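Structural description and commentary
One letter stands for each residue in the lines below.
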Amino acid sequence: LRRYLFTHSLYWEIDSLHRTDETLPYGLAIITVIVFLIIGFVFRSVFLPLRLLLCVVIPILFVYGVVTGVYQHGWLNWLQWQSVQDSDGIYWMLPVITCTVLMGLALDYEIFLFSRVYEYRCKGFTTRAAIVLGVSSTGPVISAAGCVMAMAF
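Presented here is an overview of the structure given in this document.

Turning to unusual backbone geometry, a few remarks are in order. Positive phi outside glycine occurs at R44, with the angle close to 50 degrees. Relative to the assigned elements, R44 resides in the loop between helix 1 (9-42) and helix 2 (47-71). For Q80, which is not glycine, the phi torsion reads 60 degrees and is therefore positive. Relative to the elements of secondary structure, Q80 occurs in the loop between helix 2 and helix 3 (93-122).

This is the structure in structure tokens:
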């Protein structure tokens, strides 16, 4: 049990920041491995988890790299815009919140798409036909959901 000697919210936030810095990389790695193992097992595929890694995790890491470059290293200081001026970094909760939301949404849409392709494949369609039918039937739903999320945030 950890005791806080100070009751001010700043001290609690500093302790939370340090605890998050220590545990977040391990937690995200464990969750990612478990999710990809489950997806590989459910869809009986080795390729699907690798595709999800390329289509979900790598773009999220790229975005965090760009955010670090802009707000810590001042890549856009030449614009002289206050909103993209370099600072000491971003708020520590931003990666925690956005990573979980982005992983959840991206995996949700990917699993929705692949379950439909898998369904058509089990019905006897060729792989190409199953992909075309799966994308054509889920594409509008996924696009509409993406537009709703874009408008909401």
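So, on to the nonpolar core. Core analysis: the biggest nonpolar cluster contains twelve residues, these being F36, I39, F43, L48, L52, V56, V57, I60, C99, M103, L107 and F114. Here this core takes five residues from helix 2, the largest share from any one element. L113, V117, Y120 and I142 belong to the second largest nonpolar core, which has five residues in total.

The interhelical angle for the contact between helix 2 and helix 3, taken along N-to-C directions, is 150 degrees, at an axis separation of 11 Å. On the basis of the axis angle, helix 2 is roughly antiparallel to helix 3. Crossing hand, helix 2 versus helix 3: right-handed. For the pair formed by helix 2 and helix 3, the contact residues are L48, R51, L52, C55, V56, V57, I60 and Y64 on the first element and L94, P95, T98, C99, L102, M103, A106, L107, E110 and F114 on the second.

Let us look at helix 3. Taking 1.5 Å as the rise per residue, helix 3 with 30 residues should run 44 Å; its terminal C-alpha atoms sit 43 Å apart, in good agreement. For helix 3, the full list of buried residues reads C99, M103, L107, E110, L113, F114, V117 and Y120. Close packing links the buried residues of helix 3 with helix 1, helix 2 and helix 4 (127-152). Residue G124 follows helix 3 closely and has a positive phi angle near 105 degrees.

Criteria and cut-off values
Every chain begins its residue count from 1, and numbering advances along the sequence as written. For this predicted model, a pLDDT threshold of at least 70 governs which residues receive local features, and a threshold of 80 or more governs which side-chain atom pairs are given and counted, while totals over whole chains, interfaces and linings are taken from all residues. Side-chain metrics rest on all non-hydrogen atoms present in the structure, leaving aside hydrogens and water. Helical segments are the DSSP runs of H or I of at least four residues, strand segments are the runs of E of at least two, and each set is numbered from the N terminus. The criterion is simple. A nonpolar core is a set of buried Ala, Val, Leu, Ile, Met, Phe, Trp, Tyr and Cys residues joined through side-chain atoms within 4.5 Å. Categorising residues by exposure relies on relative accessible area from a 1.4 Å probe, with only protein chains included: less than 20% of the type maximum marks a residue as buried, more than 50% marks it as exposed, and the intermediate range marks it as partly exposed. In this description, a line fitted to the C-alpha atoms serves as the axis of each element, helices being fitted only across the stretch in contact, and the angle between N-to-C directions of two axes falls anywhere from 0 to 180 degrees. An angle below 35 degrees is read as roughly parallel, one above 145 as roughly antiparallel, one from 65 to 115 as roughly perpendicular, and any other as oblique. A clockwise turn of the near helix away from the far one marks a right-handed crossing, whereas an anticlockwise turn of less than a right angle marks a left-handed crossing. Here, two residues are considered to be in contact whenever any of their heavy atoms come within 4.5 Å of each other. The length a helix should cover is 1.5 Å for every residue beyond the first.

The quantities given are spatial measurements derived from coordinates; they are silent on function.
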